[in-house]
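Structural characterization, general
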Amino acid sequence: MPPILIAQEISKQFGVTPLFDGITFAVHDGERIGLIGPNGAGKSTLLAILGGEQTADSGEVSFRRNARVGYVHQISGFDEGLTVRQAIEAAMERGKVPAGIREQRLRETLGRAGFVEQESTAAPGMDQEARSLSGGWRKRLAVAEALVTDPDVLLLDEPTNHLDLDGIEWLEGLLKSAKFAFVVVTHDRYFLENVAGSVVELNRIYSAGLLKVKGSYSRFLEEREAYVEWQQRAQESLRNRVRVEMEWLRRGPKARTTKSKARIDTANALIAELGESEARSRTATAGIGFDATGRETKRLIEVVDAAVMLGGREIVRRVTLNLTNGLKLGLAGANGSGKTTLLKAITGELELSAGSIKKANGLRIVYLSQMRELDTSQTLRRTLAPDSDSVIFQDRMVHVASYAARFLFTSEQLNQPVDRLSGGERARVLIARLMLEPADVLILDEPTNDLDIPTLEILEESLLDFPGALVLVTHDRYLLDRVTNAVLGLDGLGNAALFADYLQWEAWRDRPAAGSLGQREAAPRKSVAEAPAADAGGRKKLSYLEQREYDGLEARIEAADERLRAAEALVGSPEVATDAAGLTAALAEFEAARVEHDQVYERWVELTEKVGG
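Below, the structure is looked at part by part. (Residues numbered from 1 in each chain as written. Predicted model: local features only at pLDDT ≥ 70, side-chain atom pairs only at ≥ 80, totals over all residues. Heavy atoms only, no water.)

**A few points about the overall build of the chain**
Counted only if it meets this: Numbering goes from the N terminus for both helices and strands, where a helix is a DSSP run of H or I of at least four residues and a strand is a run of E of at least two. Each residue is placed in one exposure class: buried if its accessible area under a 1.4 Å probe, protein chains only, is under 20% of its type's maximum, exposed if it is over 50%, and partly exposed if it falls in between. What makes two residues a contact is simply this: any of their non-hydrogen atoms within 4.5 Å. Here the accessible surface of atoms and residues is derived via Shrake-Rupley with a 1.4 Å probe, and residues count as covered only by protein chains that are part of the display.
Secondary structure summary: the chain contains 19 helices and 20 strands in total. Scored against the burial criterion, the 613 residues of the chain give a buried share of 47%. A sequence separation of at least 24 residues applies to 69% of the contacts in the chain between residues at least 6 apart. Carbon and sulfur atoms provide 50% of the accessible area of the chain, an area that totals close to 29,400 Å².

Take a look at the structure:
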C-alpha cells in the first residue's frame, strides 16, 4: 500500500534564511514518528506543510486517496462561547462523519479524553465553555477534536507543553495503543522513548537535511553518535584529499592539458564539498549558567505549616520545608494541585492563611514565572539591555551583542521585535534575563516549554552546577529525575508529602490505596530539611543513555549471576568431567560468563559512583 502522505524534495525559507532544503519525508500506515530538531530547524513548519496548512517553496506533498489527516496545533485555541460538545460536533461536521454515529463517537472520544457528562471537581463537563478550560484540558480537547474524525495519520505539534504529568501519561497511553499513524514534534525525552517507533531529526548537519532511525529514542542517540563519528572520519579523509590537491595546485602545473584541467576541476569540487560538509557539521550551543551570590548561610528559607486559601478553598495546607544550599526540590502534582500557588507563597506574592515563611537576611530569589512575561513589541536589544548597549554578567560589563550570542542570537536579531522570535527563542530570552540576576534561590515554573533537546541538556547541567537552592516545577520527567534530589508531591486536595524522587512519588500516587496523601498512613511525612543536599560528589550526572543503562543494570546483574552459577555447575558435573569435548566447551562458557559477570559489576560500580549512590 502506498504511503499515507509523502513529501518529495520540499524546501522552505523565510526571507533569506532557508529552514530546510530538498527534504523527502513519508508516513506509512501505523508509523509512530517522533520529530525532533534544534529550535529554528523548521519542525512546526514541516508539520504544517505535511498537514496541508502551508505550502512549500519547492517540491511536492501528495496524499493517498481519501486519506484523513488530523492536526493538533501547538497552541490550542477555541472561539468564545463554544462548548466542549460544540467543538467536537463542529470537528465531525468538517470531517464529514456520518450523522448516525456522531453522538456515540462524541461520547466515546470525549470519554477517552477524560471529559464527563456533568462538570465535577475532577474533570470538566461536555457543556463547559472550551475557552474556560485550563491549558491541559484545552490540549486534551484539541486531541479529541482530531481523533473524532478517525484520522489515518495524526500530526501533533508539542502536545505535552500544557499537559500535566497525568495528561502526558494519558496521551502516551493513547498513542501507544493507536492504530493510526502519527508524527509528533516534542522535546520530552521520556515521552519520545515511550511512544516513538522511529525518530527523525531535522537538522542541517545531515547531508539529506534529516536523519531517520527506526527504533526508540535511545536507539536514535546511538545511531546519531555513529553517524557523527562517520562524518568526522569522512571529513578527515576529505581534508587529506584536499590537502594533496591544494599542494598540486600550488605547484602550478605547466601543462594545460585536458587531463590537468580535469584535475583542477576535481580539486575545486573537493574544496567546495569540504566547505559544505564543515558548514553542516558546525553547530552552536547556548551558554547557560546561573550566577550564585556566594552566600555561605546554609538555611535560606524555612516554611512551617504553611497554608494558602484562594476563593474560599484551601489550595495547600501544612507544608513544612527548609530550603538550603544544594537542595534541588521538584514539585509534582496535577494541574491545579497548587504548585504555582506554593511558589508564589514562597516568593511573597501570595499571603499565607496559616503558618509562616522565614527568609535569610538579604536573600536574593530569582523567579521564572509560568506566565512568561515579555513585551513582544520591544526589540531583543532593549529586552536584554533596557537602558544601554551593555549588561552586567558575573560582575563584568558585556556588550549586549556578545551576551545575546551566548544564546545563539545573531546581530541582525538584536534589532528585531521579540514577537518575531520562535517559542524556543523566547524561552532562551527569558533564561538570558534570569542569568543577569545573581541568586541564592532559583524558582523555576515550567522553564522547559519550547526548549529544544540540546538546550534542555545544557539547562540540566547548569541547574546541577548551581550551588544555591532550586525549586523546580516541570512536566519534563527526565529533567525532574536528573536534577532534583527531593520531590514534594501535591495531591490536589491540599495535602503535601515529601518523596526521595519522582519515581517514588509516581509509585505512591498510583497505589490502589484509597484517600489522599494526607489520609494514607504510610505516606512520607518528613521535612524537606531532612532531604540530602546535592554536593560535588553526589550529583546525578548521568546522560540519557547512561540513565537508561543504569536502570537496566539490576536485571543484567541477576542474569550474569545466574549465567555464572550455571556455568560453574556445568563444569563441576560428573558427566562433563568425563567428556573431553564437553569439558572444553563448558570451560569456555565458564570463562565467557566470568568475563561478562566482571564487566557488568564494574559498570555498575562506575555508574553508581557517578550518580553518587
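**Some thoughts on helix H3 (residues 102-112)**
Put simply, the rule reads: The arc in question is traced by the directions running from the helix axis to the C-beta atoms.
Of the positions making up H3, those classed as buried are Leu106, Thr109 and Leu110. An end-on view of H3 places all buried positions within 95 degrees of arc, on one side of the element. H3 presents Gln104 and Arg112 as exposed residues on the side facing more than 90 degrees away from its buried surface. Residues of H3 that are buried in the fold lie against helix H2 (84-94) and helix H4 (135-147). Once H3 finishes, glycine 114 follows within two positions and takes phi at roughly 100 degrees, a positive value.

**As for the packing of aromatic side chains**
The following threshold applies: In summary, the pairing rule links any two rings of Phe, Tyr or Trp, Trp by its six-membered ring, whose centres are within 6.5 Å, and it sorts them by plane angle into stacked for under 30 degrees, edge-to-face for over 60 and tilted for everything else.
Scanning all chains against the criterion turns up 5 aromatic pairs. Where tyrosine 190 meets tyrosine 478, the ring centres are 5.5 Å apart and the plane angle is 80 degrees; that geometry is what we call edge-to-face. Here tyrosine 190, found in helix H6 (residues 189-195), pairs with tyrosine 478, found in helix H15 (residues 477-483); they are 288 residues apart in sequence, far enough to count as distant. The two residues tyrosine 190 and tyrosine 478 agree in class, both being buried. Residues tyrosine 217 and phenylalanine 220 carry aromatic rings whose centres are separated by 6.3 Å and whose planes lie at 15 degrees to one another, so their mutual orientation is stacked. Note that tyrosine 217 and phenylalanine 220 are positioned in helix H7 (residues 217-250) at a spacing of 3 residues, about one turn of the helix. Assigned by exposure class, tyrosine 217 and phenylalanine 220 land together as buried.

**Side note on the pairing of strand E12 (residues 328-332)**
Heads up, the condition is: Pairing between strands is defined by DSSP: at least two bridges between them are needed.
For E12, the tally of buried residues reaches 5 of 5 residues, placing the bulk of the element in the interior. Here E12 shows no split at all, with Lys328, Gly330 and Ala332 on one side and Leu329 and Leu331 on the other all buried. Across 4 bridges, E12 lies against strand E18 (residues 469-473) in parallel orientation. Of the residues in E18, the one forming a bridge with leucine 331 is valine 473.

**A short note on the sheet that holds strand E10 (residues 299-310)**
For the record, the criterion: Helix axes are fitted only over the stretch in contact, all axes being lines through C-alpha atoms; the angle between N-to-C directions runs from 0 to 180 degrees.
The sheet built from 3 strands is open, its strands ordered E11-E10-E13 with antiparallel pairing. Here the strands that pair on one side only, and so sit at the sheet edges, are strand E11 (313-324) and strand E13 (354-359). Each neighbouring strand pair of the sheet contributes to a mean axis angle of 15 degrees, computed without reference to strand direction. For E10 and E13, the ladder comprises 5 bridges, and the chain directions are antiparallel. The residue of E13 that forms the bridge with valine 303 is isoleucine 357.

**Details of the side chain of asparagine 485**
Operational definition: We call two N or O atoms a polar contact when they sit within 3.5 Å, provided that within protein one can donate a hydrogen and the other can accept it, with sequence-adjacent residues counted only if both atoms are side-chain atoms.
Mapped onto the secondary structure, asparagine 485 falls in the loop between H15 and strand E19 (486-490). Here glycine 326 takes part through its backbone oxygen, which lies 3.2 Å from a polar atom of the side chain of asparagine 485.

**Section: the packing of H4 against helix H5 (residues 165-176)**
Definition in use: Roughly parallel refers to an angle under 35 degrees, roughly antiparallel to one over 145, roughly perpendicular to one between 65 and 115, and oblique to any angle outside these ranges. Crossings are classed by handedness, with left-handed meaning an anticlockwise turn of the near helix from the far one by less than a right angle and right-handed meaning a clockwise turn.
One way to put it is that H4 packs onto H5 with a least axis distance of 12 Å and a crossing angle of 15 degrees. Here H4 is positioned roughly parallel relative to H5, judged by the angle of their axes. In the crossing of H4 with H5, the sense of the turn from one axis to the other is left-handed. Residues Arg140, Val143 and Leu147 of H4 pack against Asp166, Gly167, Trp170, Leu171 and Leu174 of H5.

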